[in-house]
Amino acid sequence: MVQIPKPPAPESLVPRSVPTSADVARLAGVSRATVSYVLNNTSAVRISEPTRRRVHEAARELGYVPHAAARSLRAGHSRTVLMPAPSFPAGPLYSRFLSELQGALGRLDYTVVQYGGAGLYGDEAARAWAELRPVAVLVPGAGLGPRGVEILKRSGARAVVTLGHEAVDGAHALLMDHEIVGHSAVRHLHERGHRGIGVVVPAEGGLEVFSAPRLAGARRAVRDTDATVTELPLAYDEGAAARLAARWDSLGLDAVFAYNDEYAMLLMRALQDEGVRIPGDTAVIGADDLMLGRLLRPRLSTVHLELPSGRDLAALVDRAVHDPGAAPERHEVLGAAVVHRESS
């Protein structure tokens, strides 16, 4: 019989003490006040660069992390900016915008937290956000009303900023009217002699906040002309695109605004597989000006969107945090310009 040796008893785990700012100060050879000034990025006090490096190196060596709650108590508010996850699929353009914004807020010493609660809407969502006590909330899309803004402000939020097509009472607003995107695209097609124009409307949920105004703008572009606009529901799926392309000849269309570059590329491939010549039989234009569109053959015409600067939005948040009683600002921030390439 083989006897299995009994493993040695584990050494008692002695919890390591949490490093404090006093430990950092001793290791760096500075005062606790200097540690606080450096790690809280205080600009009012001048600290030499060698001293800053010494403090940061000591903090890294000890594994010291400033206590956010304590810092909030000293400041009278948190430094957390809450960004609820958008209810719509975020494409590359929007993702780049968020990345730029987060970087700009970080340089202003804010901590950006993305909130991913699913199924929350309106006042219920506002109450969930308020529980985290953010100093500011940036709300993409629709869904927040005046009551929600009030809930957030009563919980201590100094700035509530909405990014959408309409303003909300009590909140700062970056107004993005996507009608201009559809109008610019279809006006371009009409000016180039096209009269039967299709407009792709994504079947995916959440995108109607963009697709509905783009369709309205497309219709406005050909109002009182001899051109027609045909709505084309389309899921972002190769099979759905192939089915639409298979009946293309029956639709009588000689051009299409495909909602954005991703849907345009999907539909272009399906049309080409059906033998539809682009732009000979059908002109195609997208939106967002993605680099992939420039690599297609033919190169994809598009609508270049001018989104707000992340740095400017971060500055707006910072102004509102420092002056919460100021009147809400309203800024129209979405620009659109057609980039004409081979596909149209």
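Residues numbered from 1 in each chain as written. Predicted model: local features only at pLDDT ≥ 70, side-chain atom pairs only at ≥ 80, totals over all residues. Heavy atoms only, no water.

Here we take up the packing of aromatic side chains. Tallying each qualifying case throughout the model produces two aromatic pairs. Each ring, one from Y236 and one from Y263, has its centre 5.0 Å from the other, and the planes form 65°; the classification is edge-to-face. Here Y263 lies in helix α12 (residues 261–273) and Y236 lies in the loop between β7 (228–234) and α10 (238–246), a separation of 27 residues in the sequence. Take Y236: its relative accessible area is 44%, and that puts it in the partly exposed class. A residue is classified by how much of its surface remains accessible, and Y263, at 5% relative accessible area, is buried. Between Y259 and Y263 the ring centres are 5.6 Å apart and the planes differ by 90°, which places this aromatic pair in the edge-to-face class. Seen from the ring of Y110, R79 lies directly overhead, with NZ or CZ sitting 4.0 Å from the centre. (Phe/Tyr/Trp six-rings, centres within 6.5 Å; stacked < 30°, edge-to-face > 60°. Helix = DSSP H or I, 4+ residues; strand = E, 2+ residues; numbered from the N terminus. Buried < 20%, exposed > 50% of the residue type's maximum accessible area, 1.4 Å probe, protein only. Lys NZ or Arg CZ within 6 Å of the ring centre and 35° of its normal.)

So, on to the side chain of D261. Relative to the elements of secondary structure, D261 occurs in helix α12. Despite being buried, D261 has no salt bridge partner; R341 is the closest side chain of opposite charge, sitting 5.9 Å away. A distance of 2.7 Å separates the side chain of D261 from the backbone nitrogen of L290, its partner in a polar contact. Among residues more than four places away in sequence, those in contact with D261 are G286, A287, D288, D289, L290, L300 and T302. (Lys, Arg positive; Asp, Glu negative; His and termini not counted. Salt bridge = Lys/Arg side-chain N within 4 Å of Asp/Glu carboxyl O. Polar contact = N/O pair within 3.5 Å; in protein donor to acceptor, adjacent residues only side chain to side chain. Contact = heavy atoms within 4.5 Å.)

Of note, the amide linkage connecting I278 to P279 takes the cis form, showing an omega dihedral of 5°. Looking at the secondary structure, you find P279 in the loop between α12 and β9 (283–285). Along the chain, R297 connects to P298 via a cis peptide bond; the corresponding omega equals 0°. With respect to the helices and strands, the residue P298 is situated in the loop between α13 (291–295) and β10 (302–306). Although it is not a glycine, R133 adopts a positive phi angle of roughly 55°. Along the polypeptide, R133 turns up in the loop between α6 (122–130) and β3 (136–140). For D224, which is not a glycine, the phi torsion comes out positive at approximately 65°. Residue class for D224 comes out exposed when judged on its relative accessible area of 78%.

Attention now goes to the sheet that holds β3. The six strands lie next to each other as β2-β1-β3-β4-β5-β11, forming an open sheet whose pairing is parallel. Each of the sheet's edge strands pairs with one partner strand only, and the pair in question is β2 (111–115) and β11 (330–332). When the angles between neighbouring strand axes are averaged without regard to direction, this sheet yields 15°. Across three bridges, the pairing between strand β5 (residues 172–175) and β11 is parallel. Its bridge partner lying in β11, L174 is registered against H331. (Pairing = 2+ DSSP bridges. Axes fitted to C-alpha atoms, helices over the stretch in contact; angles between N-to-C directions.)

The next subject is the packing of helix α1 (residues 21–28) against helix α3 (residues 49–62). α3 packs onto α1 with a crossing angle of 125° between their chain directions and a minimal axis gap of 9 Å. Viewed along their axes, α1 and α3 adopt a mutual orientation that is oblique. Handedness of the α1/α3 crossing: right-handed. Here α1 contributes D23, V24, L27 and A28 to the contact with α3, which in turn contributes R54, V55, A58, A59, E61 and L62. (Parallel < 35°, antiparallel > 145°, perpendicular 65-115°, else oblique. Left-handed = near helix turned anticlockwise from the far one by under 90°.)

This brings us to the environment of V200. Locating V200 in the fold gives a position in strand β6 (residues 196–202). Judged by relative accessible area, V200 falls into the buried class, the value being 2%. Among all residues touching V200, those that are not within four sequence positions of it are L232, L234, V256, F257, A258, Y259, Y263 and L267.

Attention now goes to the sheet that holds β7. Taken together, four strands build an open sheet; the order of strands is β7-β6-β8-β9 and the sheet is parallel. The strands lining the two open edges of the sheet, one partner per strand, are β7 and β9. Between one strand axis and the next, the sheet turns through 25° on average, direction left out of account. As paired elements, strand β8 (residues 255–257) and β9 share three bridges and run parallel to each other. The partner of A255 across the bridge, within β9, is A283. Set on the sheet, helix α8 (residues 179–191) makes contact with β6, β7, β8 and β9; between it and β8 the angle comes to about 165°.

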